[in-house]
Amino acid sequence: MRRRLDRLAELSEPDRESPHGDYVLVLAEGVEVCDRTRRAATAHAWQRGLAVLDLVPRDLPVEAAMDLARVVDPRAYRADRIGLGRGAGHALLIDKAVAGRLGVTRRSGLGPGEMAEITVRAKQYAVGSAADLVVAEFTALHNREGRRTWLTALSVMVPQNFTVPRMIAASVIGYVLVLSGLLLDPLLGLLPIVAYSSVPYLVTAGLPLRPRDRRTAACLRLLLVPLSWWRTLRSPSTTWEQARAEQHEKSRAWHQQFLDPGFFEPRRGTCPWCGSAALGTHLVTRDTMMVKPGRFVLERCLDCRHIFQNPRLNAKGLQFYYRDVYDGLSAGNAEQIFSGQSHWYRERANLVAAHASPRTWLDVGAGHGHFCATAADVLPDTAFDGLDIGAGIEEAHRRNWVRHGLRGEFRALTSELAGRYDVVSMNHYLEHTTDPLAELDAAATTLRPGGHLLIELPDPDAWAGRFLRSFWIALLPPQHLHMIPLANLTAALTERGFAIISAERDGVRVEGDFTAAALVLANVLGPDPHRPWAPTRRTGTLRQILAYTAVVPLILTAILTDAAIRILRPKNSNSYRVLAQSPPP
């Protein structure tokens, strides 16, 4: 934590002769920033080409300073183009153009939830990685009643609602371990207590941050830490939390009207890939991520090995099971997941860059545009467009992460997109579609002659998938309607005249499959008791606590297993990636 706080820049005196950019200052409720500090911050941002600057008060309380150190590493923050915004939650300087696209209407009096949401999103609206944090001279808030809301709204971890419980649980464990030293030795047991109490000084002494409550926080830490747990958990509900509760109720009403068995098409008797009638049951599973009701049958073609959902969800069923997954109630979770995958995005772009210098690129299934924003760093001369059926693509356009955000079904837009792109990418997209072969035809039409098609998919032949079955994270039921073997995809591309340039398995997507499976198991055994589609149960919270507690040994074992796999099979992957070139003119 000290190393991270030491990386915070310190605001210097403004140069009166320097021209200043046009910025707006957004303030949390109760925060005031003098004109001198504001001018210094504006000069600092303008001179460094920053679009977003989070102002950290020099006298930030110890607890808030430690929270800041837990959630942000300033060095990584500056370098991460698509990462979520982080800060101290007091004052945020934003370029006026960015603030306009962000839709900032209030500039003062923001509650902790509203301030957190703007902090998270503002960095994503900045061009490139033009965002930073700086220590400034103004008085910090010492009322931490909104700590629970602030940390939750920051979407520090997935699921979002676990952020505060996890942080408090870790604090409780540390607290208990420190006190347990007294039971082992009443005299030597004082040493960890002294070390524990000195943490406020160890973390902040000699740094630009100088918490004015540092002495009190150190001397009374054994009393103040438990008091902080209580205040965080029992503080009054904020307006942001109330609005989120209302959103839950609206979602509950929507889900209740859709709870009926008419979610499936008639079962088909042939393989959708090769037409064979030789089918066998692969597995019967359930919604392991959102834990919505229902069972789903995955069948496998005994001839071509294609795996598909049968019977398949119809349009109504897809609407039901996709609701609140990537937006709505789970928007924060989705942002946290996708913003942490920049190294995979960069590898995809590097593969194309090694074989082509495209002028135009269409990313199909672009979501919020995270891949396009990252790939633009690898290919700065390429114009990236994104296409998606969800509203997230419009958000990607507002962030300037895509040149054009096209909303709709790919096949419905093919005629107007024909021959317009040098590259089309479909990353973890085909498995969600109802007719993947038709999607390949659409991609072939959209590409210019000699253009490139990039596809990444979960690998149904990955050994971890065969072992973990329903709890394999890459299976993602019921969203994944198809699991396409690599040989099937390359054969289908070859039939359409494509030349296979690269077909990679090793190292494509190295994940902790066993750790993820253990967490999925805990999620199934103890799902969120507040999820809108769940029957009301008073024991839901207790069930969730017991489930995660019971699975802790399994999670620890899974972490060790994944670590061993990384050593023994360092390029073990649960996905594959194909780059193909369309026929030349």
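Every value quoted in this text rests on a predicted model; they were computed, and no experiment measured them.

## Remarks on the overall build of the chain
Looking only at helices and strands, the chain has 24 helices and 16 strands in total. Computed over its C-alpha atoms, the radius of gyration of the chain comes to 26 Å, within 12% of the 25 Å expected for a compact globule of 585 residues. With the C-alpha coordinates aligned to their principal axes, the bounding extent of the chain is approximately 75 × 65 × 50 Å. Relative to its full complement of 585 residues, the chain shows a buried share of 54%.

## Details of the packing of helix α19 (residues 410–417) against helix α20 (residues 436–446)
Between two packed helices, the angle of one axis relative to the other and the distance separating the axes together describe the packing. Closest axis-to-axis distance for the α19/α20 pair is 9 Å, and the angle between their directions is 20°. By the angle between their directions, the pair α19 and α20 is classed as roughly parallel. For the pair α19 and α20, the sense of crossing is left-handed. In contact with Phe410, Arg411, Thr414 and Leu417 of α19, α20 contributes Ala438, Glu439, Ala442, Ala443, Thr445 and Thr446. Considered class by class, the residues forming the contact of α19 with α20 number 5 nonpolar, 3 polar and 2 charged.

## Section: the layout of surface pockets
In this model, the second largest pocket occupies a volume close to 830 Å³. Glu63, Arg147, Leu224, Val225 and Ser228 are, among the 31 residues lining the second largest pocket, the residues nearest its centre. Where the lining of the second largest pocket is concerned, the elements lending two or more residues are α3 (62–71), α8 (163–184), α11 (214–219) and α12 (221–234). Among the elements that line the lining of the second largest pocket, the one with the most residues is α12, at 9 residues.

## Side note on helix α6 (residues 112–125)
Helix length check: α6 (14 residues) gives 20 Å between terminal C-alpha atoms against 20 Å at 1.5 Å per residue, within 8%. Summarising burial for α6: 10 of the 14 residues are buried, a large majority. Residues Gly113, Met115, Ala116, Ile118, Thr119, Val120, Ala122, Lys123, Gln124 and Tyr125 constitute the buried set of α6.

## Observations concerning the sheet that holds strand β9 (residues 360–364)
Reading across from one edge, β11-β10-β9-β12-β13-β16-β15 is the order of the 7 strands in this open sheet, with mixed pairing throughout. Strands at the two margins of the open sheet, each flanked by one partner only, are β11 (405–407) and β15 (499–504). Across the sheet, the mean angle separating the axes of adjacent strands is 15° when strand polarity is ignored. Bridge count for β15 against strand β16 (residues 575–581) is 5 bridges, and the pairing is antiparallel. Each bridged residue has a counterpart across the sheet, and for Ala503 the counterpart in β16 is Val578. Contacts between helix α17 (residues 370–378) and the sheet are confined to β9, β10 (383–388) and β12 (421–427), with β10 contributing the most and set at about 165° to the helix.

## A look at the packing of helix α9 (residues 190–197) against α12
Between α9 and α12, the shortest axis-to-axis distance is 10 Å and the interhelical angle comes to 65°. Facing Ile193, Tyr196 and Ser197 of α9, the residues of α12 in contact are Arg221, Leu222 and Val225. Along the lines of polarity and charge, the residues of the contact of α9 with α12 split into 4 nonpolar, 1 polar and 1 charged.

## Quick notes on the pairing of strand β5 (residues 131–136)
Among the 6 residues of β5, 6 are classified as buried, and the element is accordingly described as predominantly covered. The alternating pattern of β5 places Ala131, Leu133 and Val135 and Asp132, Val134 and Ala136 on opposite faces, both of which are buried. Judged from the 2 bridges that link them, strand β1 (residues 9–10) and β5 form a sheet pairing that is parallel. Across the sheet, the residue bridging to Ala9 is Val134, located in β5. With 6 bridges connecting them, strand β3 (residues 52–57) and β5 associate as parallel partners. Following the sheet pairing, Pro57 is matched in β5 by Ala136.

## Observations regarding empty space enclosed by the protein
Within this structure, the stated rule accounts for 3 cavities of 30 Å³ or more. Its boundaries defined by the atoms lining it, the largest cavity holds a volume of some 90 Å³. Along its surface, the largest cavity is lined by His282, Leu283, Arg300, Ile307, Pro460, Gly465, Arg466, Arg469, Trp472, Leu475 and Met483. When contributions to the lining of the largest cavity are tallied by element, the ones reaching two or more residues are β6 (279–285) and α21 (463–468). Its residues assigned to classes, the lining of the largest cavity comprises 6 nonpolar, 2 polar and 3 charged. Size it by volume and the second largest cavity reaches roughly 70 Å³. Contributing to the lining of the second largest cavity are Trp463, Val510, Glu511, Asp513, Phe514, Asp562, Ile565, Arg566, Arg569 and Asn572. Listing elements by their share of the lining of the second largest cavity, those giving two or more residues are α23 (513–525) and α24 (540–568). When residues in the lining of the second largest cavity are grouped by element, the largest group, 3 residues, is from α24. For the lining of the second largest cavity, the class distribution of residues is 4 nonpolar, 1 polar and 5 charged.

## Notes on unusual backbone geometry
Going from Asn310 to Pro311, the amide bond is cis rather than trans, its omega being 5°. If you check the backbone angles, Asn400 has positive phi at about 65° while not being a glycine. Of note, Asn400 is situated in the loop between α18 (392–398) and β11. By relative accessible area, Asn400 is classed as partly exposed at 46%. One non-glycine residue with positive phi stands out, namely Arg469, at about 55°. With respect to the helices and strands, Arg469 occurs in the loop between α21 and β14 (482–483). Residue Arg469 is classed as partly exposed on the basis of its relative accessible area, which comes to 35%.

## Topic: the packing of aromatic side chains
One pass over the structure, following the stated rule, counts 16 aromatic pairs. With 6.4 Å between their ring centres and 15° between their planes, Trp254 and Phe320 make a pair best called stacked. Here Trp254 is found in helix α13 (residues 239–258), whereas its partner Phe320 is found in helix α14 (residues 315–322), with 66 residues between them in sequence. Aromatic pair Trp463 and Phe514: ring centres 5.9 Å apart, planes at 40°, arrangement tilted. With Trp463 in helix α21 and Phe514 in helix α23, this residue pair connects regions lying 51 residues apart in the sequence. Residue Trp463 is classed as partly exposed on the basis of its relative accessible area of 28%. Taken together, the ring pairs connect Trp254, Phe263, Phe264, Phe296, Phe320 and Tyr321 into an aromatic cluster. For the cation-ring pair, Arg221 lies above Tyr196, with the distance from its terminal atom to the ring centre recorded as 4.1 Å.

Scoring rules and cut-offs
- Residues numbered from 1 in each chain as written.
- Predicted model: local features only at pLDDT ≥ 70, side-chain atom pairs only at ≥ 80, totals over all residues.
- Heavy atoms only, no water.
- Helix = DSSP H or I, 4+ residues; strand = E, 2+ residues; numbered from the N terminus.
- Rg over C-alpha atoms; globule rule 2.2 N^0.38 Å.
- Buried < 20%, exposed > 50% of the residue type's maximum accessible area, 1.4 Å probe, protein only.
- Axes fitted to C-alpha atoms, helices over the stretch in contact; angles between N-to-C directions.
- Parallel < 35°, antiparallel > 145°, perpendicular 65-115°, else oblique.
- Left-handed = near helix turned anticlockwise from the far one by under 90°.
- Contact = heavy atoms within 4.5 Å.
- Nonpolar A, V, L, I, M, F, W, Y, C, P; charged D, E, K, R; others polar.
- 1 Å grid on protein atoms, 1.4 Å probe; cavity = no way out; pocket = protein on both sides within 12 Å on 5 of 7 lines; lining within 4 Å.
- Points joined across faces, edges and corners; volume = space filled by probe spheres on them.
- Expected span 1.5 Å × (residues − 1).
- Pairing = 2+ DSSP bridges.
- Phe/Tyr/Trp six-rings, centres within 6.5 Å; stacked < 30°, edge-to-face > 60°.
- Lys NZ or Arg CZ within 6 Å of the ring centre and 35° of its normal.

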